[in-house]
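# Structural features, examined
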Amino acid sequence: MDKLKKLWCDVRKNRDCYLMLAPFMILFVIFTIVPVIMSLPVGFTNFNMAQPPEFVGFDNYINLFLSDKVFTKAIRVTIIFAVITGPVSYMICFLLAWLIDGLPKKLRSIFTLIFYIPSMANVYTVWKIIFSGDMNGWLNSTLIEWGFIQSPVQWLTDSRYVLGVTITVQLWLSLGAGFLALSAGFRNIDRNLYEVAYIEGMDSKLQELVYIVIPSMKPQMLFAGVMQIVSSFTAGTVAQELVGFPSTDYKAHTIMTHAYDYGWVRWEMGYASAICTVLFIAMYVCNKVISRLFKE
Amino acid sequence: MVKTNKQKAGNIITALLLIILGAFMFLPIYLTIVMSLKPQEELFIFPPKLYTLRPTLDNFSSMFDILDNNRVPFSRYLFNSIAVTFTVTFSQCVFVSMGAFVLAKCRFPFSKLINSVIVTSLLYQSNVIYIMQYAVMSKMGIIDNPLALILPSIASPMGLFLMKQSISQMPDSIIESAKIDGAGLFRICWQIVIPNQKPALMTLIIFAFQASWNMQGGSLVFQEQYKTLPTVITQISTTGIARAGETMAASVFMLIPPVIVFMLTQSQVIDTMAHSGIKR
């Protein structure tokens, strides 16, 4: 009872904080928290949107891991995808943001725009034409012109290339949020720090990176890390738009594509929801590990 | 500062790296622009050219023709898009900034819990959420109403996370001294903290603008007079090389406003710390 009273006292003392947080929180609860909570139990049901959900316990999860062969493939593809695109694109984001930061203002704006523009455009059509399987495809016609290949390669349907093509486009698209946040972070570093360090005799870019940049950029780096986890684990749209759905031999079939398949194609929302929950747990663990790394 | 040879070499490597990566990033966009300017017959030339012989705005005018052929004039869609985008961007910046400031700099009961809920919600991606969101909105009676496009986009957990991370870097001493001078939290937020967070705020504006400008609202709003541009463009655009010109024209057209906003916000991002007089 006493504890409750103390809490209430604390809450009243911080009334202003709650007031300022309220507009965001009200909308956040209504449009994010409530739907999330409502969707949690769906994974334990059979739900086809037409009839009321029917409780089936852990059946969905058991089926998922024991009898769904495509899901096993999807896990593999997702892991390959996440392991390649996640770290690589994170490092590219960081490197580019860092390089750009040293440029004069005009050049900096131009390069930031060039690296960010893919995230703003709807570009699947152009990639489809670049990788198009006939001789009209840009890549094919270029390679034929230069004599590397004799006949056009089926980039988007040949099971050997599907994953590679998808990863390339994903990398191209993935600079987005992380890159912009990191370059904003670089703008926030106190310029005096560099001068002081210069006077103190620091002479290499590497030292600058270790002693100034990383310590002052931790919050932005964590943000970029989380965004990278989200985008690399939930990648699926790129594959669907580019190499079709389902992709040849399920070579670019990620967990998210699998969830899309069951959710929007077969209308088995219970099963789709179970898939998403598994993905969420994987991302949550990954996030915990990365946050731990940043705290140290 | 005298440049050493080592530094010169470093600069050259930097420049080369930026140019190569920049070319890779920009090439598809360049191709989109070129294709939107190509006349129909040039789309089939083999091998495809990296430039166009007779640039034309035909694709654009035929795109506008198709858009104007609906029961509602093109200008109505444009107006809807601008209204939705502006409302979302403005409210998101205001709400998110206040929330982020409080969560980053004040300690109060449940603040830790709220923080972790927001980050965790970023990770929960499920297609069932959209259905439940739809259910919530239909309970509120805002389906087929522009509010269905606006309200859910305002409280962006990503935006809040971004701002919170950036604000958390500000030294506490500034806020403390403002408190001692008698400023309330609201004033501290808008007069001291946010003006010092220009890089993050401009990033937030870009995210919000771009997300709401490109938002597909097809399943939320059905009346023609409430639809926004992306929805209508998805309706009319078909893939395939024959219609590629118009599709590219639409992509280029949709890209122009975000690029303008991007340029405007970037020019605002000056070296804030150097001007703000904050010393750690």
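Residues numbered from 1 in each chain as written. Chains lettered and ligands numbered in written order. Predicted model: local features only at pLDDT ≥ 70, side-chain atom pairs only at ≥ 80, totals over all residues. Heavy atoms only, no water.

## Describing the overall build of chain A
A tally of helices and strands in chain A yields 14 helices and two strands. For 296 residues, the compact-globule estimate of 2.2 N^0.38 gives 19 Å, and the C-alpha radius of gyration of chain A, at 24 Å, exceeds that figure by more than 25%. On the principal axes, the C-alpha backbone points of chain A span a range of 65 × 60 × 30 Å. Per-residue burial for chain A yields a buried fraction of 55% across its 296 residues. Just so you have it, chain A exposes about 14,500 Å², and 66% of that area is on carbon and sulfur atoms. (Helix = DSSP H or I, 4+ residues; strand = E, 2+ residues; numbered from the N terminus. Rg over C-alpha atoms; globule rule 2.2 N^0.38 Å. Buried < 20%, exposed > 50% of the residue type's maximum accessible area, 1.4 Å probe, protein only. Areas by Shrake-Rupley, 256 points an atom, 1.4 Å probe, with all protein chains shown as cover.)

## Let's talk about the interface of chain B and chain A
Between chain B and chain A, the residue contacts involve 103 residues of the former and 97 residues of the latter. Around 8,800 Å² of area is buried between chain B and chain A when both sides are counted, 77% of it from carbon and sulfur atoms. At the boundary of chain B with chain A, the tally comes to zero salt bridges. Here the side of chain B that touches chain A takes 13 residues from helix α1 (residues 5-37) of chain B, the largest share from any one element. When grouped by side-chain class, the residues that make up the side of chain B that touches chain A number 71 nonpolar, 26 polar and six charged. (Contact = heavy atoms within 4.5 Å. Buried area = accessible area lost by both parts, 1.4 Å probe. Salt bridge = Lys/Arg side-chain N within 4 Å of Asp/Glu carboxyl O. Nonpolar A, V, L, I, M, F, W, Y, C, P; charged D, E, K, R; others polar.)

## Description of the pattern of salt bridges
Residues and elements named next belong to chain A. Counted according to the given criterion, the structure contains four salt bridges over all chains. The partner of D10 in a salt bridge is K13, and the shortest N-O contact between them spans 3.7 Å. Of this pair, D10 and K13 both sit in helix α1 (residues 2-13), three residues apart, which is roughly one turn of the helix. Using a relative accessible area of 26% as the deciding quantity, one classes D10 as partly exposed. Assessed through its relative accessible area of 67%, K13 is described here as exposed.

## Notes on the packing of aromatic side chains
All names here are of chain A. In this structure the tally under the stated criterion is 21 aromatic pairs over all chains. Where F44 meets F58, the ring centres are 5.2 Å apart and the plane angle is 85°; that geometry is what we call edge-to-face. With F44 in the loop between α2 (15-39) and β1 (45-46) and F58 in the loop between β2 (54-55) and α3 (59-66), the pair connects residues that are 14 residues apart, well separated along the chain. (Phe/Tyr/Trp six-rings, centres within 6.5 Å; stacked < 30°, edge-to-face > 60°.)

## Some thoughts on the side chain of S174(A)
Residue and element names in this part refer to chain A. Its place among the elements puts S174 in the loop between α8 (162-173) and α9 (176-188). S174 sits in the buried class, given a relative accessible area of 11%. Within the local environment of S174, its side chain forms a polar contact with the backbone oxygen of L171, the two atoms lying 3.0 Å apart. Non-local contacts of S174, meaning those with residues more than four positions away in its chain, are made with S89, C93 and Q228. (Polar contact = N/O pair within 3.5 Å; in protein donor to acceptor, adjacent residues only side chain to side chain.)

## Thoughts on helix α6 (residues 147-154) of chain B
The set of residues buried in α6(B) consists of A148(B), L149(B), I150(B), P152(B) and I154(B). Considering only its buried residues, α6(B) is in contact with α2 of chain A together with α3 (74-105) and α5 (127-140) of chain B.

## Some points on α2(A)
Working note: α-helix, 3.6 residues per turn, so residues spaced by three or four point in the same direction. A bend of about 50° at A22(A) is the largest found in α2(A), and the proline P23(A) appears one to four places after it. Regarding α2(A), the residues found buried are C17(A), M20(A), L21(A), F24(A), M25(A), L27(A), F28(A), F31(A), T32(A), P35(A), V36(A) and S39(A). (Bend = angle between axes of the 7 residues up to and from the residue.)

## Side note on the domain arrangement of chain B
Residue and element names in this part refer to chain B. Domain boundaries assigned for chain B yield domain 1 (1-56) and domain 2 (57-276). Each of domain 1 and domain 2 has a C-alpha centre, and the two are 30 Å apart. Taken together, the contact pairs eleven residues of domain 1 with 13 residues of domain 2. Summing both sides of the interface, domain 1 and domain 2 together bury roughly 970 Å²; the carbon and sulfur share of this comes to 66%. Broken down residue by residue, the surface that domain 1 buries against domain 2 is led by M35, S36 and T56, which jointly contribute 44%. At the junction of domain 1 and domain 2, the tally comes to zero salt bridges. Remark: the boundary between domain 1 and domain 2 carries three residue pairs in polar contact (both at pLDDT 80 or more). (Domains from an automatic or database assignment.)

## Side note on a positive patch on the surface
On the surface, a cluster of positive charge is contributed by K288(A), R292(A), K295(A), R107(B) and K112(B). A total of three residues in the positive patch trace back to one element, the largest contributor, which is helix α14 (residues 269-295) of chain A. Among the secondary structure elements, K288(A) is positioned in helix α14. We classify K288(A) as partly exposed; its relative accessible area is 44%. (Patch = residues over 30% accessible without salt bridge, like charges linked within 9 Å, V, L, I, M, F, W, Y side chains within 5 Å. Lys, Arg positive; Asp, Glu negative; His and termini not counted. Charge placed at Lys NZ, Arg CZ, Asp CG, Glu CD.)

## A short note on the environment of S166(B)
With respect to the helices and strands, S166(B) occurs in helix α7 (residues 157-167). Its relative accessible area of 2% is what places S166(B) among the buried residues. A sequence separation of 31 residues divides S166(B) from Q197(B), and the C-alpha atoms of the two residues are 7.3 Å apart. For S166(B), the residues in contact, after removing those within four places along its chain, are N188(A), Q220(A), Q197(B) and A200(B). Only 2.6 Å separates the side chain of S166(B) from the side chain of Q197(B), close enough to count as a polar contact.

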